[in-house]
Protein chains: 2
Amino acid sequence: MGAMGERIKVFIEGKEIEVEKGTPLGEVLKRAGIRDALGGKLGDEILDLQTPVREGGELKPVFKGDPESLEILRHSLAHIMAQALKEIYGTRKVHLGVGPTTEEGFYYDVEVEGHRITEEDLPKIEEKMREIIRRDYPILRREISREEAIKLFEDLKEKYKIEIINRIPQDEVISVYEQGDFVDLCKGPHLPSTGQAGAFKLMSVSGAYWMGRADQPQLTRIYGIAFWEEEELKERLRLHEEAKRRDHRRLGRELEFFLIDEEVGPGLVIWLPRGAVYRRVLEDYWKEEHIKRGYQLVYTPHVGRSKLWERSGHTEYYKENMFPEMEMEGEGYYVKPMNCPFHIAIYKSRVRSYRELPMKIAELGTVYRYEMSGVLHGLMRVRGFTQDDAHIICTPDQVEGVIKETLEFAVSMLKDFGFNEFKVYLSTRPEHAIGTNEQWERSQSALREAIEDLGLEYEIDEGGGAFYGPKIDVKIRDALGRLWQCSTIQFDFNLPERFDMTYVGPDNKKHRPYMIHRAILGSIERFTGVLLEHYGGLLPLWLSPTQVRVLPIAERHVSYAKKVFSELERAGFRVEMDEREERLGAKIREAELMKIPYLAIVGDREVETETVSVRGKREGNLGSMRVEELIEFLRGKVERKE
Amino acid sequence: MGAMGERIKVFIEGKEIEVEKGTPLGEVLKRAGIRDALGGKLGDEILDLQTPVREGGELKPVFKGDPESLEILRHSLAHIMAQALKEIYGTRKVHLGVGPTTEEGFYYDVEVEGHRITEEDLPKIEEKMREIIRRDYPILRREISREEAIKLFEDLKEKYKIEIINRIPQDEVISVYEQGDFVDLCKGPHLPSTGQAGAFKLMSVSGAYWMGRADQPQLTRIYGIAFWEEEELKERLRLHEEAKRRDHRRLGRELEFFLIDEEVGPGLVIWLPRGAVYRRVLEDYWKEEHIKRGYQLVYTPHVGRSKLWERSGHTEYYKENMFPEMEMEGEGYYVKPMNCPFHIAIYKSRVRSYRELPMKIAELGTVYRYEMSGVLHGLMRVRGFTQDDAHIICTPDQVEGVIKETLEFAVSMLKDFGFNEFKVYLSTRPEHAIGTNEQWERSQSALREAIEDLGLEYEIDEGGGAFYGPKIDVKIRDALGRLWQCSTIQFDFNLPERFDMTYVGPDNKKHRPYMIHRAILGSIERFTGVLLEHYGGLLPLWLSPTQVRVLPIAERHVSYAKKVFSELERAGFRVEMDEREERLGAKIREAELMKIPYLAIVGDREVETETVSVRGKREGNLGSMRVEELIEFLRGKVERKE
């Protein structure tokens, strides 16, 4: 912390200001002539007005409405919620865990003695929070000694806070924030007073293990969202409603896409016939696109010897994500968490010449990874999933071309599924890394060039790469504006060494190749979840399990309807026929619920004129067409992947 | 055994003969006027001339050359081999295990103190056997008491024989056979003397656990084949040579179809790119044929909770064939040995109406089963394989139609792969069985009718069915005349009960459906092994990973060759181009080794006349063709699945 009176320099909006180390941020801003800020950003940290500035550097003021200001708002709302809980359930009955901010709000993990908080309690808690906001308590920061802190929180029976204090390094400042008679251990940042809090809503209650560990007590996580303006909150709530309506778990059940069955096992996905039709179409498309681009498809087993996973380093670095070991005849085996060692075995099945490179080995490989049952979520987070995996093995000279082709491929495939907004993240060399400078530089610049050549929006995560190589992550933006991680292009300088992979160069000597792991969709399961939510279940025609359903209005139209059915089937479409003796309205309603994209309705007029009356789920009534016209129309849609 | 003097009746070639119980078979035959037989068949048992007849019944004389006579020949050759071993390595140094006959010969499992028998020892052993045959020892049967037997074999240090004696039930006769100074515990049947032995050859030496159990000592299995005539033996040896040449393990390596890697795990198959192309074609064909016939394809996980396998009964009845259990969060999981419980979960994912039946759920499901590493064999016996599995769930009324359709489907698919000879086995109700009489009768007669309707050759294995239902097995005959088990159609009266499967009938009440397991190819791995051996690696064109290879003779032909390549590729063929600067002869030789079915050779004349010179691996030189002609020609082959 340095001697008292030490001076530091901060740069605010171009001005250089020298202050005594420890001057509160509000004071520093005032000297720069800034009065209406809520806080400031120094390096990666957001400070509030009361927080002492202890380091020099670029200081960016944070005003209400700036993205960073939400951090301050939400932090304070977590405290206001904690205070409300204590007022309702008793100061010493509520034991607080941690209460961080999230992408759209905040939560607090709490334990309430003698009461199990449920979603029914939320309105009452919200009411109390509004009351605390109306009281407009000043929020005051105080730095206290470790002893004082322990005494304070012991007195408050805040056992989890004591644990936190004990984990704070000795040389760190301990601060508390107070509002009214509520006090919380906290680094900040916070609003100046509770009255300045914006619009919020408490959303849900769930269980959360203390420190995220299953051997620790389970606390209750109360989750809220918060924005400055009521309008923003409303818009977010609308998106939440929309997301709920599009929840892939609900759609998956209603559209009979998949099943996750308690008896079969949590996180283990069974694809029902309709979902399996979609998956087959997707896989056929995926394979075709890969074959076109010279990938070599393979099949590898789902189990491998422990020795293999030792050699690859998985048992050393990845074991907690693996299913448990199985022993047979004194040898250990693991269900595979990744496909890499198998693809490497294929590469190594004979001597490889530079003439064979780049070799692109691809597989729809189903892998199994351990996830705590508590975090499993529909298709989004599972224990078994199929990666659209590939390993590209190439010479150093080929790196640039390979990366460019791969990223282009990824983007073009994601576009085929209807995604047009991408955000790319480039993660570079971390402090501790293996591989030569040349490897890192060549790889990183190949990645960067590829992104720039394609004109994609990107961010660099400096030092955020794995120890074994840099990577690109591609996220797609869905119809609700949410970002989903899909493609990854990851260099690996580690496995080629571990498995002693080589190729014979034009010099007739052995060389070490570059190896790149890549996935485009990521996981078929997760991608399907995203797709279902993006389209609200109404998939593009080419992916739809049923493309057309033929609806004869009455018994007397069935024979003509069958003719229509056969013609569509012969033309290669996935057709169904609903010849039950139900009212047309009921048949249409049911087809709409199943998100059948097109209905071909057949009544007297259609039989007479040899047409069908076409109804699109998206377009509504499309009028009458001859069957050849309908076929033409549908073919166009499928070709354009609409 | 009844009182002395008891009389029994035997029927020989239509004659009824009454003899005293215990009369040697030779004596009985003599009374029927039959003098030149080697033995007789009474019930399922083959007796030699010395064996006492203790039961009445139909007695069929066995003459030299009858299929049953080989049993007698081979039995005696096993003894002759054992005697040879004892003469070479010392009477009390050779400990005999069991020495049964096989489909084409015999083996003996032995332990030789102080010597490891290898294939190099075989000529010496054969020489000694021939010597024993020349000595023409009479082979004498003697029935002795248990005590006498134990004393005899203890004296001979035949520890394994003692174990066998101790397992013989108290009320059974113990017999030994003697030839020269050799004696062996044996039920027979045997030749009258060693001099009557036919043609034989010792083939191989391998390890075999005593009683087939890995916790028991490992003995040496010496395996021989034997026939009456030298000509037959030679023909069989030729087939063996041919089989070796076609060994799918060798072909799989040479043609780069698959890899079984010690480091990855025994019995775990990695499909290399070329093999994977073939497998994809096969799977696409399989799926298409199933969709055509109204099967619903699904995907299910490779892991399931122990609870599921308990409910299905697998952990109770099938555990020794399963991979070991894995435990996560206090719950057990198994890698799946079968797909059934998952398909049942799909059936049960909602209430089913009789209108939806028959429901045919199909999957290319990869299952894992424990096999001792010692019995693993290429693709034929593995630990992980993909079943072409389906479960058909139907109403009682639908049973006949479903079975007929299924068997027809199986036969038509096997024919598409070029198999035209089938042998069907129908296994019926065993003594202990579940299910009603009605279920068994309906199912068995449906199976029988289906076989008869298709005019297939079949055998009935009375009482050979599983306890839960009757089945059909279909074997195919390959180019070497060997039979391979492929399709199975198996009723299951057990799982519908265990999983409480129901459908709602027209009466609006719940009913129990019939369920049928079926596979057509059996296992893709094993079927591929059979296919590779059947075709000696030269697969039919439609299945061949590469269908045509274009060979430009010199640099100046490359640009035209590329045009040829593109036209073939555009026409949908799997084409390769070999544009290396090698001599044409070398390129052709290499393509032949890779069993490329067609070569399109391009030289000056071809460039000039815009043709290609076509060479078929099967047909030889096919002369020159325009590319369109070649395409036409190949299309025909593919369509006819030649």
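The following refers to the structure shown. (Residues numbered from 1 in each chain as written. Chains lettered and ligands numbered in written order. Predicted model: local features only at pLDDT ≥ 70, side-chain atom pairs only at ≥ 80, totals over all residues. Heavy atoms only, no water.)

### Focus: the packing of helix α16 (residues 558-570) of chain A against helix α19 (residues 627-639) of chain A
In a packed pair of helices, the relevant descriptors are the angle between the two axes and the axis-to-axis distance. Residue and element names in this part refer to chain A. One can describe the packing of α16 onto α19 by two numbers: an axis separation of 10 Å at closest approach and a directional angle of 35°. Crossing of α16 over α19 shows right-handed handedness. Two secondary-structure elements touch here, α16 through Tyr560, Val564, Glu567 and Leu568 and α19 through Val627, Glu628, Leu630, Ile631 and Leu634. Residues belonging to the contact of α16 with α19 are distributed by class as follows: 7 nonpolar, no polar and 2 charged. (Axes fitted to C-alpha atoms, helices over the stretch in contact; angles between N-to-C directions. Helix = DSSP H or I, 4+ residues; strand = E, 2+ residues; numbered from the N terminus. Left-handed = near helix turned anticlockwise from the far one by under 90°. Contact = heavy atoms within 4.5 Å. Nonpolar A, V, L, I, M, F, W, Y, C, P; charged D, E, K, R; others polar.)

### So, a nonpolar patch on the surface
All names here are of chain A. Where nonpolar side chains cluster on the molecular surface, the patch consists of Tyr317, Ile434 and Phe467 and spans about 260 Å² of accessible area. By secondary structure assignment, the location of phenylalanine 467 is in the loop between β24 (458-461) and β25 (471-477). Of the residues examined, phenylalanine 467 reaches a relative accessible area of 32% and is grouped as partly exposed. (Patch = residues over 30% accessible without salt bridge, like charges linked within 9 Å, V, L, I, M, F, W, Y side chains within 5 Å. Areas by Shrake-Rupley, 256 points an atom, 1.4 Å probe, with all protein chains shown as cover. Salt bridge = Lys/Arg side-chain N within 4 Å of Asp/Glu carboxyl O. Buried < 20%, exposed > 50% of the residue type's maximum accessible area, 1.4 Å probe, protein only.)

### Comments concerning the relation of the copies chain A and chain B
Rotating chain A by 180° about the axis while translating it 0.0 Å along that axis superimposes it on chain B, leaving an RMSD of 0.2 Å. The relationship between the two copies is best expressed as a two-fold rotation axis. By C-alpha distance to the rotation axis, the residue of chain A lying nearest is methionine 326 of chain A, at 3.4 Å. Same-surface contact between copies: 100% of interface residues of chain A are shared with the interface of chain B. (Least-squares fit on C-alpha atoms with pLDDT ≥ 70 in both.)

### With respect to the interface of chain A and chain B
Listed per partner, the contact involves 55 residues of chain A and 55 residues of chain B. With both chains or domains summed, chain A and chain B bury close to 4800 Å², and 63% of this area falls on carbon and sulfur atoms. On inspection of chain A and its partner chain B, the count reaches 8 salt bridges. A salt bridge links glutamate 256 of chain A to arginine 350 of chain B, with the shortest nitrogen-to-oxygen separation between them at 2.5 Å. At the boundary of chain A and chain B, one finds 23 residue pairs in polar contact (both at pLDDT 80 or more). With 8 residues, the top contributor of residues to the side of chain A that touches chain B is helix α8 (residues 273-292) of chain A. Across the side of chain A that touches chain B, the residue classes tally to 30 nonpolar, 8 polar and 17 charged. (Buried area = accessible area lost by both parts, 1.4 Å probe. Polar contact = N/O pair within 3.5 Å; in protein donor to acceptor, adjacent residues only side chain to side chain.)

### Digging into the sheet that holds strand β13 (residues 199-209) of chain A
All names here are of chain A. Ordered by their spatial adjacency, 4 strands build an open sheet running β8-β9-β14-β13, and the pairing between neighbours is antiparallel. At either end of the open sheet lies a strand with only one pairing partner, and these are β8 (94-96) and β13. For this sheet, the mean angle separating the axes of adjacent strands, direction not counted, is 35°. Here β8 runs beside strand β9 (residues 105-112); their pairing, made up of 3 bridges, is antiparallel. (Pairing = 2+ DSSP bridges.)

### Considerations on the pairing of strand β2 (residues 15-20) of chain A
Residues and elements named next belong to chain A. The pairing of strand β1 (residues 7-12) with β2 spans 6 bridges and is classified as antiparallel. Across the sheet, the residue bridging to valine 10 is isoleucine 17, located in β2. Taken together, β1 and the strand that follows it, β2, pair antiparallel across an intervening segment of 2 residues, in which glutamate 13 is found at a positive phi of about 45°.

### A few points about the sheet that holds strand β7 (residues 57-62) of chain A
Residue and element names in this part refer to chain A. Strand order in the open sheet made by the 5 strands is β2-β1-β7-β4-β5, with mixed pairing throughout. Either end of the sheet is taken by a strand with one partner, and the two such strands are β2 and β5 (45-48). Strand-to-strand, the axes of this sheet are offset by a mean angle of 35°, without reference to chain direction. In terms of strand pairing, strand β4 (residues 39-42) meets β5 through 4 bridges, oriented antiparallel.

### Observations concerning helix α3 (residues 122-135) of chain A
Spacing of three or four residues puts side chains on the same side of an α-helix, whose turn is 3.6 residues. All names here are of chain A. Spanning 14 residues, α3 covers 20 Å between terminal C-alpha atoms, matching the ideal 20 Å at 1.5 Å per step. Within the span of α3, buried status applies to Leu122, Ile125, Glu126, Lys128, Met129, Ile132 and Ile133. Buried residues along α3 cover an arc of 160° about the axis, so they all sit on one side. As for α3, its buried residues are in contact with α2 (67-89), β9, β13 and β14 (218-227). At the C-terminal side of α3, aspartate 136 shows a positive phi close to 50°. (Expected span 1.5 Å × (residues − 1). Arc of directions from axis to C-beta.)

### Considerations on the pattern of salt bridges
For the coordinates displayed, the defined rule picks out 137 salt bridges over all chains. Across the pair lysine 159 of chain B and glutamate 111 of chain B runs a salt bridge, and its minimum N-O distance is 3.1 Å. On the criterion of sequence distance, the pair formed by lysine 159 of chain B in helix α5 (residues 159-167) and glutamate 111 of chain B in strand β9 (residues 105-112) is long-range, its members being 48 residues apart. Looking at lysine 159 of chain B, the relative accessible area reads 42%, which means it is partly exposed. Arginine 279 of chain B is the partner of glutamate 525 of chain B in a salt bridge, and the nearest nitrogen-oxygen pair spans 3.7 Å. Remark: arginine 279 of chain B occurs in helix α8 (residues 273-292) and glutamate 525 of chain B occurs in helix α15 (residues 524-534); sequence separation between them is 246 residues. For glutamate 525 of chain B, a relative accessible area of 3% puts it in the buried group. Overall, the relative accessible area of 5% leaves arginine 279 of chain B in the buried class. It is possible to trace a salt-bridge network through shared partners that takes in Glu87, Lys128, Glu131 and Arg135 of chain A.

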